[in-house]
Amino acid sequence: MKMIEVLMLKIEDPGCFWVIVKGCGSFVDREMEYKKLHAEMNQFYNRDVEEVKPLTLEEGQVCVVFCQELKCWCRAVVKSILFCADHYLAECFLVDYAKYAPVKTKNIRVAVEAFMQLPYRAKKFRLYCTKPVTLRIDFCEDAAEIVPAKRWDSAAIQYFQNLLKGTTQIEAKLCAIEDDNFDVYLYVTIKDEKVCVNDDLVAKNFARYVMTKENTVNSAKSQKPWSSLSLKSSPEKVISPALALWPMLMQGKVHNNLETSGGASNSFLEKTCRKIAAPAFNGKTESAVRATVGFSFKENINISAQPTVRVNRLLQFLNPDPLKTDNHYEQQEFQKINTEKPPIVLSNKIEPCSVLETTPLLVDLKKELLRNKFLGPNLTESYCWPPIARGCDSVVISHHGNDPLLYIPPVLTFLQSGSCYKSLPTRNGPIALIICPGWRKAQLVFELLEEYGRCSRPLHPMLVLLGVNKEEAKNVKLQRGCEVIVTTPYSLLRLLEHHSLLFLRLCHLVFDEVDNLFSEASKQIFTILEYYKKTITIEERESAPHQIVAVGSHWSKHIEHLTKEFMNDPYIVITAMEEASIYGNVQQVVQLCLNCERTSVLLQILDFTPSKAQKTLIFTNSVDETEMVYKAVESRSIFCLKVHKEIEFHFKYAVEQWKKKFSSGTHVVLVLTDDCMPSLGITDANCVVHFSFPASPRVFGVRLHSMSDNFQNVLEKGSSVDQVYTKAKSILLLTERNGCHAVGVLRYLEHTEAKIPPELCDFTTGVLEAKEDKKLARPLCQYLKRSGVCKDMRICPDRHQVRLQIDLPQKMSDNTIPMTGCVTIVPLHIVDATNYFGRIIDKQKDQYAILDGEMIEYFKKARNKVSVEMVEKLALYGLHEEGLFHRVQVLEIPPKEENCFVYNVTIRYIDEGRTGQVQVHRLFHLPTRFQILPPQAVEFIVCRVKPIDNEIEWNPKVTRYIHHKIRGKLHEAKIVLALGNTIWVDPMVRVTKLSELKASINEYNIRSEILSMGMGIDNPEHIKQLQKLCKHAKMLALEEKTFQTLMLSFTPKRSVLEQDADSRQSVLEQDADSPHSLLMGENFTDICNSSPMTLENHQRDTISELKKAEESTQHHRKCFYPEIKWFQKEDIVTMKIKLRNVRDYKCDFFGDKVVFSAFSGDKFYVADMELHANILKGKSVCVIKNEEPVIILAKDKKEFWCRLLKHKNPNVSFDFEHWEDFEDKSPFPVGAQKAHHSSTLITEEMEESSEDSGTESDD
């Protein structure tokens, strides 16, 4: 069979790809005939002929469809049929294009026989005898092997696609045809080299060769165009991997189904094999190779690829183990040499268990972990599991310290040894107690215990979460046989208050996220520890085990106290080196300096005459920095070494010198880059200097680990963090280039309780303010909205300041959201116990009720339910759900898979506030008239109540109760604050009308209901905190308004306040519901209990309040006139404003006037200057040069001015430093006139400087 050139259409995997045949022979692609066919089909089917519409439609049916994407009629096969809202949708495969397309049934026609004479243009190919493999890993046996697979790995598919994309020519050699599948050897040409894709996939361990049942080659004429597209599997016979390459070649014969297109001479192949075998094998090996390959050199062999390529493929199969190639072996040996010992700090020696098989866990527990695709044990687990499983007191500090699997498997293992608990009282009560920082983490731990507890004896774990109601704690009953309780510190103390005898059997106390427990509830934790200490000291319990396990992410003084006072010879495992340095009492020093001053600061820090021998490491980020620092330190006569990647040969010498013993007073310094640290293995440094800022916290930890030999052990007698003396010191140079890390550095210093430079605090404050200013696009922090405070504003990504421009009340219909008064609301989406989304009901004219009725009437007609074929992001659509019609907005569209036309999109119900996912075919086109009304969903927050126990989220028990109680019901609420789309209400009550008595009663109050459940407490500061933010935003707005007014208006007849009042009056007259009234008012009026306030009174009060605020602002902030120097050229005037470090500067240009204003320090400067002549305001600019503002005025006419201002000002004077330039270019002639002009100008400037204009200076 000759080679056939093909054009790739679509690639699914090596076992299924679609092509167009471009070569010669019976399978040639007759392009002109296909073009003629498609033209005739379009001409015929574009006429709407009823006779060609199918009466029935079923899967597998051959038809002609209209493709919206291609805009033409195409031959197709129906793959599946789906029912939509108003029509049927068929998924069709276009047989000439190898595409899947969704088609409406109205666009499907009967396939006329005249159009089915040509075979399908898209041919389905697959690689001959090439089957997928995958890598199977056995965690128990610690082994991996390549095994047959049913599907192709994603890596194999990606490699196959990349191989075909990078080729200049694709050819195929047909081996067999089975149904509609063409089995081929595929060849690609890459850089003038022809490669067999079948062989290449096998060589790369992506595939294997499997001999299949031989089939006869059928010509295209015998192919039925309406035949099934299904693939039938053929019987397989697995052959030896050694025979996998070139199936025909290795068996010494040509496949009897195919033609022989040529052969290679025996001498050529023999010579080639000898050539490749000579360098690596002896004569015996050569004969062995021949025997292994299994072919005779006397046979005529068909070689279609280039000989060198075939030889390379053969060499890849000479290795009998595809998993252990020579290259892989070399990499393993290299890794053995260069693998660093993982940084870890241990208080006691522990033999780690690096694989799951060797871990001291139950066999069934290991199997369960494997079933859950557990990839561990990781570094921390390999060290902490053995001591915990032996029942030892343990403290584990890791970057993954919040993972419950650090302690659950070993604790469950130890709990199986029931014999050690025989001395305990025979009563109901837990023997293990797990304390979590909050209800959410407790829920997670409880679920994991239930899952993995099935692998051990029944423990009957319980989750105990109690509110503040005493009756709830009294009524708690433990289930029989309960041996493990998961709870929180506060819930446990409430339980102990009424059931102290329940814990007489307690042996194991586990603290999950111990650092968070101590930071949030240290008093409660120590109370629990004291109770536990008293319990285990009972004589009857001397033989029973007692164990405390503490797992967390940060070390602290509280944990040190825990280890010393309540633990017995604990095992401390720390894999987070930055935390290990705190445990080891490393002195942390932060030195602020400019980047250009780092070297001089470094030399000042170094101790040139230490009392004891000292070893210092200086870390840099580049080779150039290393060389620079090395020269600077060496110049001070200090014994200095250097190491970086360009002098790797120097490593051995540097290590030898470093390890020498030095006498007292010797200071050894090693300057190095971070990438050299693993090779050196230094752990005995006394001081680390971070000359360059560490790239990440882990790099910072690795640097600190170089001092681990000098870390103090807190378990040793006499050691304490409070000691003044410390053996190790870390010095960090923080420059302006690392300003973005200042907040993180400050947090770390606070955590270490080190001395914090005041400059760092000031700088960090500025950084946080700048970050907050950049959050304008972020929503207001949810925790701030719900409780009035954010737990950690420094790391919270949301906004924490009210902004007038952003937090304007949302427009609902004709009016905006009300800012005060009583409203009727209906909650529709319950986020949590106090946060809901719903609608405000207008009792006079409910616009949404009208819209809803119109939508129901419109969509009643089936012809109006037009499904959407292509959705757009953020567009509005209709949705029919549970008998109701909703307006929804598409928020997110996932990437559409090629073979899938039914997919889900993320939507938001704009009138309810909730989000969800829906299939795209369920969305309807929404007429424009239904889109005019703005979204009606409003966020409601109930005030003055928050979760108990310092929780930031409501317990789901409360949320479920409130959800069932209020959803969809009308409530009356009083608005106390409104910002943007959020309304804070207090109270929110359900009012029930008694028609017979013509009265109404308050059925319940939401806040009271929450408090009565015991899961919430009073939060009196909630609204006060939000009102402070609003007041701050109001003052900022007034300052900005004053700032703009001072620049734009300096007329003597009318005061600034009068003009501003007039402007505000006009705004209020235009819009009675102006959003400014929300944030300008000091107090929010209670409309419910007072008479309605007229618009006129409201305007008068607002204007009066603005006047008072502006007068107060001007009283506290006086305006100063800056000193100005000026000089000129023929076409421009340059003015230097003698102010440094200005901020918020602004310069407005007019035809004959310039107004400049700015802040410098705590003073506000304004310069309103009427010019001597006109300027071109469009070409005039104000820039900052040498930290001072410089104004450049473009003159309207090219001429020299005799003065700058119309009226004299003592703060404006001529710049005599540029007098010579002015003299050279003066328009006056040389002689008396020139001297007269010069003296006149000087006299005027002196007069101006001596006069007092009444403007206050900054002196």
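Residues numbered from 1 in each chain as written. Predicted model: local features only at pLDDT ≥ 70, side-chain atom pairs only at ≥ 80, totals over all residues. Heavy atoms only, no water.

**Describing the overall build of the chain**
Now for step 1: Tallying secondary structure elements over the chain gives 34 helices and 51 strands in all.
Now for step 2: Here the chain holds 1259 residues, and the buried ones make up 49% of them.
Now for step 3: Accessible area of the chain: about 64,100 Å², with a carbon and sulfur share of 51%. (Helix = DSSP H or I, 4+ residues; strand = E, 2+ residues; numbered from the N terminus. Buried < 20%, exposed > 50% of the residue type's maximum accessible area, 1.4 Å probe, protein only. Areas by Shrake-Rupley, 256 points an atom, 1.4 Å probe, with all protein chains shown as cover.)

**Observations concerning the packing of aromatic side chains**
Now for step 1: Summed over the entire model, instances satisfying the criterion amount to 25 aromatic pairs.
Now for step 2: Ring geometry for F17 and F160: centres 5.5 Å apart, planes at 55 degrees, overall tilted. In this pair, F17 is assigned in strand β2 (residues 16–21) and F160 in helix α2 (residues 154–165), connecting sequence segments 143 residues apart. Of the two residues examined, F17 and F160, each falls in the buried class.
Now for step 3: Between the aromatic rings of Y858 and F930, the centroid separation amounts to 5.5 Å while the plane-to-plane angle is 80 degrees, which identifies the pairing as edge-to-face. Taken together, the residues Y858 in helix α26 (residues 847–859) and F930 in the loop between β36 (923–925) and β37 (938–942) connect sequence positions 72 residues apart.
Now for step 4: An aromatic cluster is defined as three or more aromatic residues linked by ring pairs; in this entry it consists of F44, Y45, F66, W73 and F115.
Now for step 5: Positioned above the aromatic ring of Y909, the side-chain terminus of R914 is 3.7 Å from the ring centre.
Now for step 6: In this structure, K965 is placed above the aromatic ring of Y1004, and the distance from its NZ or CZ to the ring centre is 4.7 Å. (Phe/Tyr/Trp six-rings, centres within 6.5 Å; stacked < 30°, edge-to-face > 60°. Lys NZ or Arg CZ within 6 Å of the ring centre and 35° of its normal.)

**A word on the sheet that holds strand β17 (residues 394–397)**
Now for step 1: Taken together, eight strands build an open sheet; the order of strands is β16-β23-β17-β22-β21-β18-β20-β19 and the sheet is mixed. Because the sheet does not close on itself, it has two edges, and the strands there are β16 (345–346) and β19 (462–464).
Now for step 2: Relative to strand β20 (residues 484–487), strand β18 (residues 432–435) runs parallel, the two being bridged by four bridges. Along β20, the bridge assignment pairs I435 with T487. (Pairing = 2+ DSSP bridges.)

**Quick look at a nonpolar patch on the surface**
Now for step 1: Taken together, the side chains of I81, F83 and Y88 make up a nonpolar region of the molecular surface, amounting to roughly 300 Å² of accessible area.
Now for step 2: Secondary-structure assignment places F83 in strand β4 (residues 72–83). (Patch = residues over 30% accessible without salt bridge, like charges linked within 9 Å, V, L, I, M, F, W, Y side chains within 5 Å. Salt bridge = Lys/Arg side-chain N within 4 Å of Asp/Glu carboxyl O.)

**Observations concerning the environment of L602**
Now for step 1: Structurally, L602 is set in helix α18 (residues 598–605).
Now for step 2: Here the alpha-carbon distance between L602 and H690, two residues 88 residues apart in the chain, equals 9.7 Å.

**A look at the nonpolar core**
Now for step 1: Judged by nonpolar contacts, the single largest core of 68 residues is most densely connected at F511, W555 and L617.
Now for step 2: Sort the elements by how many residues they give to this core and helix α15 (residues 514–536) lands first, with nine residues.
Now for step 3: With residues near it in sequence (within four places) discarded, W555 still touches V395, I397, E560, T563, I572, I574, E579, I582, Y583, V714 and H751.
Now for step 4: Ranked by size, the runner-up nonpolar core spans 39 residues in total, among them L365, I408, Y421 and L449. (Core = buried A, V, L, I, M, F, W, Y, C linked by side-chain atoms within 4.5 Å. Contact = heavy atoms within 4.5 Å.)

**As for the environment of A728**
Now for step 1: Mapped onto the fold, A728 is located in the loop between α22 (697–705) and β29 (729–734).
Now for step 2: With 142 residues separating them in the primary sequence, A728 and V586 have C-alpha atoms 5.0 Å apart.
Now for step 3: Once you skip the residues sitting within four places of it in the chain, A728 turns out to touch N585, V586, Q587, N686, M707 and N710.

**Side note on the pattern of salt bridges**
Now for step 1: Enumeration according to the criterion identifies 45 salt bridges in this entry.
Now for step 2: Between K104 and E869 there is a salt bridge whose closest N-O contact spans 3.3 Å. Of this pair, K104 sits in strand β6 (residues 99–104) while E869 sits in the loop between α26 and β32 (876–881); the two residues are 765 residues apart in sequence, bridging distant segments of the chain.
Now for step 3: The closest approach of N and O atoms between D911 and R887, which form a salt bridge, is 2.8 Å. Of this pair, D911 sits in the loop between β34 (904–909) and β35 (915–919) while R887 sits in strand β33 (residues 884–892), and the two are 24 residues apart along the sequence.
Now for step 4: Here the salt bridges share partners, and the residues they tie into one network are R747, E750, D792 and R794.

**What to know about α22**
Now for step 1: Three or more residues of α22 are buried, namely F700, G701, R703, L704 and H705.
Now for step 2: Looking at the buried positions of α22, the neighbouring elements they touch are α17 (577–583), β24 (587–592), β25 (614–620), β28 (687–690), β29 and α23 (742–752).

**Here we look at α26**
Now for step 1: Spanning 13 residues, α26 covers 18 Å between terminal C-alpha atoms, matching the ideal 18 Å at 1.5 Å per step.
Now for step 2: If you check which residues of α26 are buried, you get Y848, L851, M855 and F859. Each buried residue of α26 sits inside an arc of 60 degrees when the element is viewed along its axis, so together they form one side.
Now for step 3: In this fold, the buried residues of α26 make contact with β31 (835–841), β33 and β36.
Now for step 4: Among the residues of α26, the N-terminal cap falls to D846, whose side-chain oxygen and the backbone nitrogen of Y848 are separated by 3.2 Å. (Expected span 1.5 Å × (residues − 1). Arc of directions from axis to C-beta. Polar contact = N/O pair within 3.5 Å; in protein donor to acceptor, adjacent residues only side chain to side chain.)

**Points about the packing of helix α14 (residues 489–498) against α15**
Now for step 1: The N-to-C vectors of α14 and α15 enclose an angle of 30 degrees; their axes lie 9 Å apart at closest approach. In terms of orientation, α14 and α15 fall into the roughly parallel class. Where α14 crosses over α15, the two elements pack in a sense that is left-handed. Contacts from P489, Y490, L492, L493 and L496 in α14 reach L517, E520, A521, Q524, I525, T527, I528 and Y531 in α15.
Now for step 2: Residue classes in the contact of α14 with α15 are distributed as 10 nonpolar, two polar and one charged. (Axes fitted to C-alpha atoms, helices over the stretch in contact; angles between N-to-C directions. Parallel < 35°, antiparallel > 145°, perpendicular 65-115°, else oblique. Left-handed = near helix turned anticlockwise from the far one by under 90°. Nonpolar A, V, L, I, M, F, W, Y, C, P; charged D, E, K, R; others polar.)

**Remarks on the confidence of the model for the chain**
Now for step 1: Averaged over every residue, the pLDDT of the chain is 77; the share at 70 or more is 76%.
Now for step 2: When the criterion is pLDDT under 50, residues 1220–1259 qualifies, and its contacts beyond four places in sequence or with other chains add up to 45 contacts. (pLDDT = per-residue confidence, 0-100.)

**What about the environment of C593?**
Now for step 1: Mapping C593 onto the fold places it in the loop between β24 and α18.
Now for step 2: Residues C593 and L734, spaced 141 residues apart in sequence, show a C-alpha to C-alpha distance of 6.3 Å.

**What about the pairing of strand β44 (residues 1124–1128)?**
Now for step 1: β44 sits mainly inside the fold: four of its five residues count as buried.
Now for step 2: Here β44 pairs with strand β45 (residues 1132–1137) via five bridges, running antiparallel. Note that in β45 the partner of K1125 across the bridge is K1136.
Now for step 3: Here β44 runs beside strand β51 (residues 1212–1214); their pairing, made up of three bridges, is parallel. Considered in β51, the bridge of K1125 is made with S1213.

**Here we look at the state of the cysteines**
Now for step 1: Scanning the entire structure with this criterion turns up zero disulfides.
Now for step 2: Left without a disulfide partner, C74 is nearest to the cysteine sulfur of C72, which lies 3.7 Å away.
Now for step 3: The exposure class assigned to C74 is buried, which follows from its relative accessible area of 1%. (Disulfide = S-S within 2.5 Å.)

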